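A look at the structure
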Amino acid sequence: MENPCALDAAVFAAAGDLQAREVPEPTALFLLGTGLGILPTRLHRSRRLPLERVEGVPHPWRDALLHFGTFNGLAVWMIEDAPGDPREGDAPWFEAFPVWLAAAAGASTLVCTSAGHALPRVRPGEDAGEPLSIGSLALLSDHVNFSGTSPLIAVGESRLGPMFPDQSLVHDRELRRTALGVCADLGLHAREAVEGCTCGPTLERRAERRWFAEAGA
């Protein structure tokens, strides 16, 4: 490729390095914003690799560890959400770099987790259903982007995917249905929800939370 954009150059460099290190191509990426916990111990034939050793990885991810192996027979990668702080002038795609990289390496599924709080209000006339209690699992059916930014900004020259990917397919209905069934079998409190995505690190004010809820989050 001639004159690739910065995103493509970083992804191709990292993908080539991982291939040379014989890191298996993933079926899924687990991007865990609430920490890895015991999940890496559940991987079969697990290995880990500090991303600071991988060519092309941008600085917010260079302190992270990539865990890889098989999980229920599927090749997966696991990584904790970026431990590094963004710097002034960082490109928006930095934050989502592992997603671009895993997709380029063959992954077709992303499992992303984060901790959050439940919004107590809904739009007028909408059934709130059973409220979410502390420790419940919210399985996303959709999200509302309140952050004012996107990892697609300034990647118009990228050849890694379409400039306007289909956002209606972001949250997989069948995976969510399966996960709800597993939660029911295990006795875990879980329900579908719409997430409000904000730009952190910060906690929202009460007026903002009311506004998020009224917008459908």
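Reading the values: the criteria
- Residues numbered from 1 in each chain as written.
- Predicted model: local features only at pLDDT ≥ 70, side-chain atom pairs only at ≥ 80, totals over all residues.
- Heavy atoms only, no water.
- Buried < 20%, exposed > 50% of the residue type's maximum accessible area, 1.4 Å probe, protein only.
- Helix = DSSP H or I, 4+ residues; strand = E, 2+ residues; numbered from the N terminus.
- Contact = heavy atoms within 4.5 Å.
- Salt bridge = Lys/Arg side-chain N within 4 Å of Asp/Glu carboxyl O.
- Polar contact = N/O pair within 3.5 Å; in protein donor to acceptor, adjacent residues only side chain to side chain.
- Pairing = 2+ DSSP bridges.
- Axes fitted to C-alpha atoms, helices over the stretch in contact; angles between N-to-C directions.
- Phe/Tyr/Trp six-rings, centres within 6.5 Å; stacked < 30°, edge-to-face > 60°.

Every α-helical turn comprises 3.6 residues, leaving residues that sit three or four positions apart pointing alike. If you check which residues of helix α2 (residues 97–105) are buried, you get Phe97, Pro98, Trp100, Leu101, Ala102 and Ala105. Where α2 is buried, its residues meet α1 (6–20), β1 (28–32) and β4 (74–80). Immediately downstream of α2, the backbone of Gly106 shows phi near 125 degrees, a positive value.

What follows deals with the pattern of salt bridges. Enumeration over the complete set of coordinates arrives at four salt bridges. Taking the shortest distance from any N to any O, the salt bridge between Asp17 and Arg21 comes out at 2.8 Å. Two residues, Glu192 and Arg176, come together in a salt bridge whose shortest N-O distance is 3.5 Å. Of the two residues, Glu192 is situated in strand β7 (residues 190–197) and Arg176 in helix α3 (residues 173–186); the sequence distance between them amounts to 16 residues.

Turning our attention to unusual backbone geometry. Non-glycine residue Glu22 carries a positive phi angle of around 60 degrees. Note on placement: Glu22 falls in the loop between α1 and β1. Judged by relative accessible area, which is 65%, Glu22 ranks as exposed. For Ala154, which is not glycine, the phi dihedral falls at a positive 70 degrees. With respect to the helices and strands, Ala154 occurs in the loop between β6 (137–145) and α3. Using a relative accessible area of 71% as the deciding quantity, one classes Ala154 as exposed.

Structurally, Ser136 is set in the loop between β5 (109–113) and β6. Each C-alpha atom of the pair Ser136 and His117 lies 10.0 Å from the other, and the pair is 19 residues apart in sequence. There is a polar contact of 2.9 Å between the side chain of Ser136 and the side chain of His189.

Once that is clear, we can look at the sheet that holds β5. Spatially, the five strands line up as an open sheet ordered β2-β3-β4-β1-β5, and their pairing is mixed. The open sheet has two free edges, formed respectively by β2 (44–50) and β5, since each of these has just one partner strand. Sheet twist, expressed as the average angle between the axes of neighbouring strands with direction ignored, equals 20 degrees. Relative to strand β3 (residues 65–71), β2 runs antiparallel, the two sharing five bridges. Opposite Pro50, over in β3, you have Leu65 as the bridge partner.

One pass over the structure, following the stated rule, counts six aromatic pairs. Here Phe30 and Phe71 contribute two aromatic rings whose centre-to-centre distance is 5.9 Å and whose plane-to-plane angle is 75 degrees, an arrangement assigned as edge-to-face. Taken as a pair, Phe30 in strand β1 and Phe71 in strand β3 lie far apart in primary sequence, 41 residues in all. Residue class for Phe30 comes out buried when judged on its relative accessible area of 12%. With 5.6 Å between their ring centres and 45 degrees between their planes, Trp211 and Phe212 make a pair best called tilted. Following the ring pairs from residue to residue traces out a cluster consisting of Trp93, Phe94 and Phe97.

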